[in-house]
Amino acid sequence: MRVLVVHCHPVPESFGAALRDTVLLALRERGDEVRLVDLYAEGFDPIMRAQERRQYNERASDDPVLKAHFAHLAWAEAIIFVYPTWWYGLPAMLKGWLDRVWATDVAFQLPKGDGPIVSLMTHIRKLGVVTTCGAPWWLSVLIGQPGRKTLLRGMWALTGKGCRTMYLAHYDMDKSTTGTRARVLERVKKRVGQF
């Protein structure tokens, strides 16, 4: 399977980087073809400027930097997002990537009149999230897990019929220990290997 891993964390030695590396290892051991998009490492610009927004409903941006990202989406059969949950949601960098890359004529087409949006992402058969949350599980659920809903409901709605999802979170990250982090890495490797 062709799997796109989208990683979003500014600190190269973070636990988020360990999660990314574990995801990549599990996928490669399984024999998947893998591409990594590391948003901070590549210096991705998440800002949608005025002209890009003006043309958003008509066509995808002609920004040459985005062309490679569009190609990654067209290539992928599965996408796994690896990121920290900040303020209960997606980091701004990742949200900007969704805004700019999941674009008209790339992820969907808008109808000319009445009618539904037409998905162009029906080739995506699996959508996964591997994240950390500073808050405990119960508080994350009470708040409503906006990051999870954005990716595994909102973006999922554009994927193929029967697209499988996976959500793995290390809750209470602010209180984690070497032992809890090691157990999370083991669980991620096993679950991603089975996904």
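What you see is a predicted model, and the numbers here were worked out from it, not measured in a lab.

## Here we look at the sheet that holds strand β3 (residues 78-85)
The pairing of strands in a sheet happens through backbone hydrogen bonds and is either parallel or antiparallel.
Argument step 1. Strand order in the open sheet formed by 5 strands is β2-β1-β3-β6-β7, with parallel pairing between adjacent strands. Edge strands, defined here as strands with exactly one partner in the open sheet, are β2 (33-38) and β7 (164-170). With strand direction ignored, the average angle separating the axes of adjacent strands in the sheet is 15°.
Argument step 2. As defined by bridge partners, strand β6 (residues 126-133) adjoins β7 across 7 bridges and the pair is classed as parallel. Its bridge partner lying in β7, Leu127 is registered against Thr165.
Argument step 3. Its contacts with the sheet put helix α5 (residues 92-101) on β1 (2-7), β2 and β3, and the angle it makes with β3 is roughly 145°.

## Points about the packing of helix α4 (residues 64-75) against α5
Any two packed helices are characterised by the angle at which their axes cross and by the distance between the axes.
Argument step 1. The geometry of α4 relative to α5 is characterised by a closest axis approach of 10 Å and an angle of 85° between their N-to-C directions. The angle between the axes of α4 and α5 places the two elements in the roughly perpendicular class. In this structure, α4 contributes Leu66, His69, Phe70 and Leu73 to the contact, and α5 contributes Trp97, Arg100 and Val101.
Argument step 2. A per-class count over the contact of α4 with α5 returns 5 nonpolar, 1 polar and 1 charged.

## Observations regarding the packing of aromatic side chains
Argument step 1. Here the structure, examined in full by the defined rule, presents 2 aromatic pairs.
Argument step 2. Ring centres of Phe81 and Trp97 lie 6.2 Å apart, and the angle between their planes is 75°; this geometry places the pair in the edge-to-face category. Of this pair, Phe81 sits in strand β3 while Trp97 sits in helix α5, and the two are 16 residues apart along the sequence.
Argument step 3. On the basis of relative accessible area, Trp97 is assigned to the buried category, the value being 0%.
Argument step 4. A cation sits over an aromatic face here: Arg35 above Trp75, 4.1 Å from the ring centre.

## Quick look at unusual backbone geometry
Argument step 1. Of note in the backbone geometry, Tyr88 takes a positive phi value of approximately 70° without being a glycine.
Argument step 2. Within the secondary structure, Tyr88 sits in the loop between β3 and α5.
Argument step 3. With a relative accessible area of 25%, Tyr88 lands in the partly exposed category.
Argument step 4. If you check the backbone angles, Asp172 has positive phi at about 55° while not being a glycine.

Conventions used here
- Residues numbered from 1 in each chain as written.
- Predicted model: local features only at pLDDT ≥ 70, side-chain atom pairs only at ≥ 80, totals over all residues.
- Heavy atoms only, no water.
- Pairing = 2+ DSSP bridges.
- Helix = DSSP H or I, 4+ residues; strand = E, 2+ residues; numbered from the N terminus.
- Axes fitted to C-alpha atoms, helices over the stretch in contact; angles between N-to-C directions.
- Contact = heavy atoms within 4.5 Å.
- Parallel < 35°, antiparallel > 145°, perpendicular 65-115°, else oblique.
- Nonpolar A, V, L, I, M, F, W, Y, C, P; charged D, E, K, R; others polar.
- Phe/Tyr/Trp six-rings, centres within 6.5 Å; stacked < 30°, edge-to-face > 60°.
- Buried < 20%, exposed > 50% of the residue type's maximum accessible area, 1.4 Å probe, protein only.
- Lys NZ or Arg CZ within 6 Å of the ring centre and 35° of its normal.

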